[in-house]
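Each chain is listed here by its residues.
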Amino acid sequence: MLKDMIALTKPRLLRLNVFAVAVGFWVASKWDISWLSLLLVIIGSTLVIASACVINNYWDRELDQKMERTKKRIEYINHLRPAFVLWYGIILGAAGFAVLYVWVNPLSGWLSLLGWFAYIVIYTMWLKRSSTWSTSLGGIAGAMPPVIGYCAVTNQIDMGAWLLFALLFLWQPPHFWSLGIRRVEEYRAAGFPLLPVVKGITRTKFQMVPYVFLLLPAVFLLYYYDYVGLVFLIVSLLSSVVWFVHTLSGLKTQDNEKWAKINFLISVNYLMLIFILMVVNTTWR
């Protein structure tokens, strides 16, 4: 039972998002870390993000059976029973919101609720089943974790919060569309109106380009406004150029499977590198 409950929180996705919360907290703290506050924001965020993942699994349980990548999730739900899974997700979310609102600050609590609502209602319940805009607008939810961590320290939405939001918001569509191109037939069979399914792979490749390109000014502005140091600027700009050049190369390649796989791996490693550099090269207070 416990194994199924953990699996429904999508542990790999959960870890990445909680790490993003910690990175945002670290950038805002500028090395003057309140370890108790960091622990509380991690606990609260973990519960809220886990809640969103559990309810997403509950809501998508029938469609997930149609895809190889997700069909095992129905086994976890059936072991626990759907009604239990729904309440499990609701309780996790309520507990996480309470921790953030009461013991961190109200702004962090409301931001977590906004991210939860964007993921569950706007993305899962509405756009994922009806529009190619699901990936772009669904990025609102995915961009919230570092903002929550940042605002746990600053208690205000300033330039740093917006830049962290922009970085994650821009990263997500090309990352997810790379996966979508690789598994386009699975998404087609499942009935998801993902961009590669509805508009085609070529159109998707073109649409990825501006998102990756805009990461260049996003990482530069983090340095310009003195949130990170010169090492971050140099390495992140070079990494952004590498990803951008590879994304452009997709416009000519005929081997979509190989190109999309490499592009997906670049996107994953790009984000982890950016996060690590933010922590290591955060400017001092």
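Let me sum up the structure you'll find in this document. Since this is a predicted model, take the numbers as computed values, not measurements.

Conventions adopted
- Residues numbered from 1 in each chain as written.
- Predicted model: local features only at pLDDT ≥ 70, side-chain atom pairs only at ≥ 80, totals over all residues.
- Heavy atoms only, no water.
- Salt bridge = Lys/Arg side-chain N within 4 Å of Asp/Glu carboxyl O.
- Helix = DSSP H or I, 4+ residues; strand = E, 2+ residues; numbered from the N terminus.
- Buried < 20%, exposed > 50% of the residue type's maximum accessible area, 1.4 Å probe, protein only.

Comments concerning the pattern of salt bridges
Under the criterion given, the structure shown has three salt bridges. In this structure, E257 and R182 form a salt bridge, with 3.9 Å as the shortest nitrogen-oxygen distance. Of the two residues, E257 is situated in helix 16 (residues 256-280) and R182 in helix 10 (residues 159-182); the sequence distance between them amounts to 75 residues. Close ionic contact of E185 with R188 constitutes a salt bridge, the shortest N to O distance being 3.2 Å. A residue pair is termed a helical-turn pair when its members lie 3 or 4 positions apart in one helix, as E185 and R188 do in helix 11 (residues 184-190) at three residues. Take R188: its relative accessible area is 39%, and that puts it in the partly exposed class.

Some remarks on unusual backbone geometry
Although it is not a glycine, K10 sits at a positive phi angle of roughly 50°. With respect to the element layout, K10 can be found in the loop between helix 1 (2-7) and helix 2 (11-29). Relative accessible area serves as the criterion here: at 13%, K10 is assigned to the buried category. Positioned with a positive phi, N155 is a non-glycine residue whose angle comes to about 60°. Looking at the secondary structure, you find N155 in the loop between helix 9 (144-154) and helix 10. By relative accessible area, N155 is classed as partly exposed at 46%.

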